[in-house]
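# A structural walkthrough
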Amino acid sequence: MSAWLFDLGNTRLKCAPLDAHGRPGPALALPHREEDVAAALADALPDERIEVAYLASVAHPALRMAVLQALTERCGRISIARTQPSFELDGFGRVRIAYADPRKLGVDRFLALLGAHARGEGAALICGVGTALTIDLLDADGLHHGGLIAPSPTLMREALHGRAPQLPELGGQRMSFASDTEDALASGCDGAALALIERSLTVAKLKLGTVPQLLLHGGGSDALAAALPSPIAAPTLVLEGLAIWAGIETSR
């Protein structure tokens, strides 16, 4: 069966074929706007019709609708992932989320929890760096201890520029103490994100009695990785979780 995975965020649309072993194949990251997402998908996807598309979306409803319309023209069936209070992973036990109302936990964060637990490498602090910076703590038994949401460094820069246009949106190098505005902005915005991640690692160690692995995903994660202790790059973590969810959906 021809199947594809689609992770629609606020900044990018990531997609990958679902391989014969139930895992994501090579992933593509497409910038998107409502008016050109159909063309971007047409360029990226194979010419032959896709039998089923699995979609996870945290984007604005109008953008989600544009993607759904584009996929409807190319796919026989579309299945939309939803956050669930608990989820059984074959061979890895159950993931249980901390939120009392599952609708309030973004599906991307939920799927990242599934992907992290399925790696079978113990407790994890999962950091997504996209439009927002999200941090979630998952113990080795699959229990989600909750998380944090903050602006990403990119969003901080955009917000500052929006309120004070004289502050540049781009440029600068991260350093301890900067001697010009561009470097000060880069250092301050990156530093705020790094400090939150590092503090979360410290609190996680106190809570669990062990240091969790640090998993980084999202388009802005590479810019922070070098300044963090032993990070593990997991760029397809949400797609990995979506593939797990797709496997359960297929077996129903």
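Residues numbered from 1 in each chain as written. Predicted model: local features only at pLDDT ≥ 70, side-chain atom pairs only at ≥ 80, totals over all residues. Heavy atoms only, no water.

Spatial strand order, E10-E9-E8-E11-E12: 5 strands in an open sheet with mixed pairing. Both edges of this open sheet fall to strand E10 (144-151) and strand E12 (231-233), since each of them pairs with a single strand only. Direction aside, the axes of adjacent strands within the sheet are offset by 20 degrees on average. In the sheet, strand E8 (residues 124-129) pairs with strand E11 (residues 213-217) via 5 bridges, with the strands oriented parallel. Opposite Cys127, over in E11, you have Leu216 as the bridge partner. Set on the sheet, helix H5 (residues 181-208) makes contact with E8, strand E9 (132-138), E10 and E11; between it and E9 the angle comes to about 10 degrees. (Pairing = 2+ DSSP bridges. Helix = DSSP H or I, 4+ residues; strand = E, 2+ residues; numbered from the N terminus. Axes fitted to C-alpha atoms, helices over the stretch in contact; angles between N-to-C directions. Contact = heavy atoms within 4.5 Å.)

Take the packing of helix H4 (residues 153-163) against H5 next. It is the contact of H4 with H5, at a shortest axis distance of 8 Å, that shows an interaxial angle of 135 degrees. When the axis of H4 is compared with that of H5, the two are oblique. As for how H4 packs across H5, the hand of that crossing is right-handed. Counting all contacts with H4, which are made through Pro153, Met156, Arg157 and Leu160, the residues of H5 involved are Glu182, Leu185, Ala186, Cys189, Asp190, Ala192 and Ala193. A breakdown of the residues in the contact of H4 with H5 according to their chemical character gives 8 nonpolar, no polar and 3 charged. (Parallel < 35°, antiparallel > 145°, perpendicular 65-115°, else oblique. Left-handed = near helix turned anticlockwise from the far one by under 90°. Nonpolar A, V, L, I, M, F, W, Y, C, P; charged D, E, K, R; others polar.)

The biggest cluster of nonpolar side chains holds 32 residues, and the ones touching the most others in it are Leu5, Tyr54, Leu111, Ile126 and Leu242. Of all elements in the fold, only strand E1 (3-8), strand E4 (50-57), strand E6 (86-89), helix H3 (107-118), E8 and helix H7 (237-251) reach the threshold of two or more residues within this core. In contact with Ile126, other than residues within four places in its own chain, are Ala112, Leu113, Ala116, Thr134, Ile135, Asp136, Leu138, Leu215, His217 and Leu237. Within the second largest apolar cluster, 20 residues are counted, among which are Val37, Ala59, Leu63 and Ala70. (Core = buried A, V, L, I, M, F, W, Y, C linked by side-chain atoms within 4.5 Å. Buried < 20%, exposed > 50% of the residue type's maximum accessible area, 1.4 Å probe, protein only.)

Turning next to the sheet that holds strand E2 (residues 12-17). Ordered in space as E3-E2-E1-E4-E5, the 5 strands form an open sheet in which the pairing is mixed. On the outer flanks of this sheet lie strand E3 (28-31) and strand E5 (75-80), each paired with one strand and no other. Each strand axis lies, on average, 25 degrees off the axis of its neighbour in the sheet, ignoring direction. Of the strand pairs in this sheet, E1 and E2 are connected by 5 bridges, and their pairing is antiparallel. Note on E2: the bridge partner recorded for Leu5 is Ala16.

What follows covers H3. Taking 1.5 Å per residue as the helical rise, H3 with its 12 residues ought to reach 16 Å, and the 17 Å between its terminal C-alpha atoms agrees with that figure. Where burial is concerned, most of H3 is hidden: 10 out of the 12 residues are buried. Three or more residues of H3 are buried, namely Val107, Arg109, Phe110, Leu111, Ala112, Leu113, Leu114, Gly115, Ala116 and His117. Count one or two residues on from H3 and you reach Gly120, which has phi positive near 65 degrees. (Expected span 1.5 Å × (residues − 1).)

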